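Examining the three-dimensional arrangement
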Amino acid sequence: MITTKDIFSYEPDKKYATPVAYFSMEFAVDQALKIYSGGLGFLAGSHLRSAYELKQNLIGVGILWKFGYYDQVRDTNGTMKAAFIEKHYSFLEDTGIKFTIPVHESPVHVKVWLLKPDVFRSAPLFLLSTDVPENDEISKSICHRLYDSNEATRIAQSILLGTGGAKLLDILGRDDSLYHMNEGHSLSLNFYLYSKFKSVEEVKKRVVFTTHTPEAAGNEEHGYALLQEMSFFYGLTEAEVKSVLGLDGPVLNYTLAALKFAGKANAVSKLHGDVSRDMWKGNEGICEITSITNAQNTAYWTDPAFEKALRSGNDQGIVARKKEMKKALFELVADQCGKLFDENVITIVWARRFAAYKRADLLMYDWERFLRLVENIEYPVQVIWAGKPYPQDYGAIDMFNSIIKRTQPIANCAVLTGYELKLSALLKKGSDIWLNNPKMYREASGTSGMTAAMNGSVNLSIPDGWIPEFAKDLENCFIIEPAPDHLSTEEKDRIEALDLIETLENKVLPTYYKDQNKWLSIVKNGAADVAPAFESGRMAQEYYEIMYSK
């Protein structure tokens, strides 16, 4: 039997004595461990790093994805394509733990691996796998691809995380833990707990929930009949589930069910808290929704030399180190795109998970105006895009490839592939402007701009997600004025694209090229204002104080 000493390399601090299990479908702990897709994983990774630094009694529970999310590579014509390549990790420890869970009324064998704390300086992370000889090929495939596009497989993945993770805690003797659902993917753990305690109130005492999606349509849901057929309800019938949760209709919304099972829930920014409470307020029996704003880990993300120059007030050192970081990024630009960028030219980066609402192409909305921007001799610019679309989101892939094709003839524009932790860090350190222009109210938090600011990249952003809690326009960032809410989507895009490019032309570029003292002040204010307020140590502590306290 694996012991607490086997799990932890440290004695948990008494302030954080409550045992917690943090369930997440993805964790971005290190570039070497490819079990994440985007922001949800980046957040979970920083949470585990800060839990380690604070010596919290917290473990992560996730899935060991055999093929990861996917490898973003280039096709023969230079556009992107998704490659699924089997991954192997020598640094994971075989715990020797094996058990079965019911999927589609049949036993599926689960094997448990452990990422020990000192490997990447993170809280212990248990990873579940069904890719074992005892399973048939369909059961093996449950843990093959993160966010599999097949509906039944996707449900089975949630069962593996939720039911499998809860069963693991029983085996570890940590069934006294508080079960923290990071998004609704692990919802099935609640039905497992209900089967033990026969009471929603008893489940509520043990479960907390973090919601990340700011609109009802974006929350995962599936038909009750299919969920029951897949053994999602751990022995309960559709009628019993509806009776227990006070729900009706043909589909189960994961977020709504989680809000009914959880004793506490939180949104991931103050604005998202307002949006979430308004979105779910008509539903009886849901728990209170508070907010804990997302954050990122400075020890992992911040360049040490840049941070040293900042702390010592060495302006020359700040400027010199930023140019060195830009050169490092530009080596990759040259390698991937055959374009030579100049470290003395302002560099704008748009990089994050590639989804339509994030509007990667907003800067190009008026193509002629965009060309004038990138051809400006007085105020030269360089623009870089990067990000991973969902591999079956063909509209997003088409947009990504369209940007590649449209910018290919432009020497000072580049699109990079392979957006993972390493490239993300390189872009944040090597950019001058971090562009963030999602549709308003669609970004629950967003955290990429936090780590950009830590490395001297100035946010140019729509005031959505975490930004209103941080932003002081023209002092620590530049704000894109959002269009009035009542306008059509098309009109909002037009107005916000115009304000974006005018902000660049009239505020950002003149400041960078004509007023270096002012620019440096904005850089330094951004770095000072982002930490500790948006450092994940603050966030990890707040979870214990607000969500994990009895």
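As the structure is a prediction and not an experimental result, all values here were calculated from the model.

1. Points about the domain arrangement of the protein chain
Split into domains, the protein chain comes out as domain 1 (4-296 + 538-548) and domain 2 (298-534). Averaged C-alpha coordinates put domain 1 and domain 2 at centres separated by 31 Å. Between domain 1 and domain 2, the contact holds 36 residues from the first and 46 residues from the second. Regarding the contact of domain 1 and domain 2, the summed buried area is about 3300 Å², with carbon and sulfur atoms giving 57% of it. It is Q72, R74 and Q296 in domain 1 that bury the most area against domain 2; as a group they hold 22% of the surface buried on that side. On the surface where domain 1 and domain 2 come into contact, there are 1 salt bridge. For K34, the salt bridge is made with E420, and the minimal N-O distance between the two is 2.8 Å. Going through the elements one at a time, α2 (39-53), β3 (71-74), β4 (80-83) and α11 (270-280) are the ones with two or more residues in the side of domain 1 that touches domain 2.

2. Quick notes on the sheet that holds strand β18 (residues 458-461)
Think of a sheet as strands paired side by side through backbone hydrogen bonds, with each pair either parallel or antiparallel. Across the sheet, which stays open at both edges, the 6 strands sit in the order β16-β15-β14-β17-β18-β19 with parallel pairing between neighbours. Edge positions in the open sheet fall to β16 (413-416) and β19 (477-479), since each of these has one partner strand only. Ignoring which end each strand starts from, the neighbouring axes of this sheet average 20 degrees apart. When β18 meets β19, the two strands line up parallel, connected through 3 bridges. Note that in β19 the partner of L460 across the bridge is F478. Packing against the sheet, helix α15 (residues 367-374) makes contact with β15 (381-386) and β16, and its axis sits at approximately 120 degrees to β15.

3. Let's talk about the side chain of D432
Locating D432 in the fold gives a position in the loop between α17 (421-430) and β17 (433-436). At a separation of 2.6 Å, a polar atom in the side chain of D432 contacts the side chain of K326. Not counting chain neighbours up to four residues away, the residues in contact with D432 comprise K322, K326, V345, I346, T347, G456, S457, V458, Y512 and W519.

4. Digging into the packing of helix α14 (residues 315-337) against α17
With their axes 8 Å apart at the nearest point, α14 and α17 run at an angle of 135 degrees to one another. Considering their axes alone, α14 and α17 lie oblique with respect to each other. For the pair α14 and α17, the sense of crossing is left-handed. Counted together, K322, M325, K326, A328, L329, F330 and L332 of α14 and L423, L426, L427, K428, K429 and G430 of α17 form the full contact between these two elements. Its residues assigned to classes, the contact of α14 with α17 comprises 8 nonpolar, 1 polar and 4 charged.

5. What to know about the pairing of strand β8 (residues 178-182)
It is a general feature of regular strands that their side chains alternate between the two faces of the sheet. Of all 5 residues in β8, 5 are buried; the element is thus mostly enclosed. Of the two faces of β8, the one lined by L178, H180 and N182 and the one lined by Y179 and M181 are each fully buried. The pairing of strand β1 (residues 20-23) with β8 spans 4 bridges and is parallel. Each bridged residue has a counterpart across the sheet, and for A21 the counterpart in β8 is Y179. Inspection of the sheet shows β8 paired to strand β9 (residues 207-210) by 4 bridges, in the parallel sense. Its bridge partner lying in β9, M181 is registered against F209.

6. Describing the packing of aromatic side chains
By the definition in use, this model includes 34 aromatic pairs. Where F370 meets W385, the ring centres are 6.3 Å apart and the plane angle is 55 degrees; that geometry is what we call tilted. Highlighted residues: F370 in helix α15 and W385 in strand β15, separated in sequence by 15 residues. Classification of F370 by relative accessible area gives buried; the value is 0%. An aromatic cluster of three or more residues is present, and its members are F191, Y224, F232, F233, Y254 and F261. Here the basic side chain of R206 rests over the ring of F197, its NZ or CZ set 3.8 Å away from the ring centre. Its end group placed over the ring of W301, K428 keeps NZ or CZ at 4.2 Å from the ring centre.

7. Quick look at unusual backbone geometry
Here A531 and P532 are connected by a cis peptide whose omega angle stands at 15 degrees. Mapped onto the elements of the fold, P532 is located in the loop between α21 (516-530) and α22 (536-547). With a phi angle near 55 degrees, K55 is a residue other than glycine that sits in the positive phi range. Positive phi, normally seen in glycine, also occurs at E183, with a value near 80 degrees. Assignment of secondary structure puts E183 in the loop between β8 and α6 (188-197).

8. Points about the sheet that holds strand β12 (residues 264-267)
Spatially, 9 strands are ordered β5-β6-β7-β2-β1-β8-β9-β12-β13 in an open sheet, and the strand pairing comes out mixed. Because the sheet does not close on itself, it has two edges, and the strands there are β5 (93-103) and β13 (289-291). Between one strand and the next, the sheet's axes are offset by a mean angle of 25 degrees, whatever the strand orientation. Examined bridge by bridge, β9 and β12 share 3 bridges and lie parallel to one another. What sits directly across from F209, in β12, is A265. In this fold α6 packs onto β1, β8 and β9, with an angle of close to 155 degrees to the strand it touches most, β8. Contacting β8, β9, β12 and β13, helix α10 (residues 254-261) runs over the sheet at an angle of about 145 degrees to β9.

Parameters at a glance
Residues numbered from 1 in each chain as written. Predicted model: local features only at pLDDT ≥ 70, side-chain atom pairs only at ≥ 80, totals over all residues. Heavy atoms only, no water. Domains from an automatic or database assignment. Contact = heavy atoms within 4.5 Å. Buried area = accessible area lost by both parts, 1.4 Å probe. Salt bridge = Lys/Arg side-chain N within 4 Å of Asp/Glu carboxyl O. Helix = DSSP H or I, 4+ residues; strand = E, 2+ residues; numbered from the N terminus. Pairing = 2+ DSSP bridges. Axes fitted to C-alpha atoms, helices over the stretch in contact; angles between N-to-C directions. Polar contact = N/O pair within 3.5 Å; in protein donor to acceptor, adjacent residues only side chain to side chain. Parallel < 35°, antiparallel > 145°, perpendicular 65-115°, else oblique. Left-handed = near helix turned anticlockwise from the far one by under 90°. Nonpolar A, V, L, I, M, F, W, Y, C, P; charged D, E, K, R; others polar. Buried < 20%, exposed > 50% of the residue type's maximum accessible area, 1.4 Å probe, protein only. Phe/Tyr/Trp six-rings, centres within 6.5 Å; stacked < 30°, edge-to-face > 60°. Lys NZ or Arg CZ within 6 Å of the ring centre and 35° of its normal.

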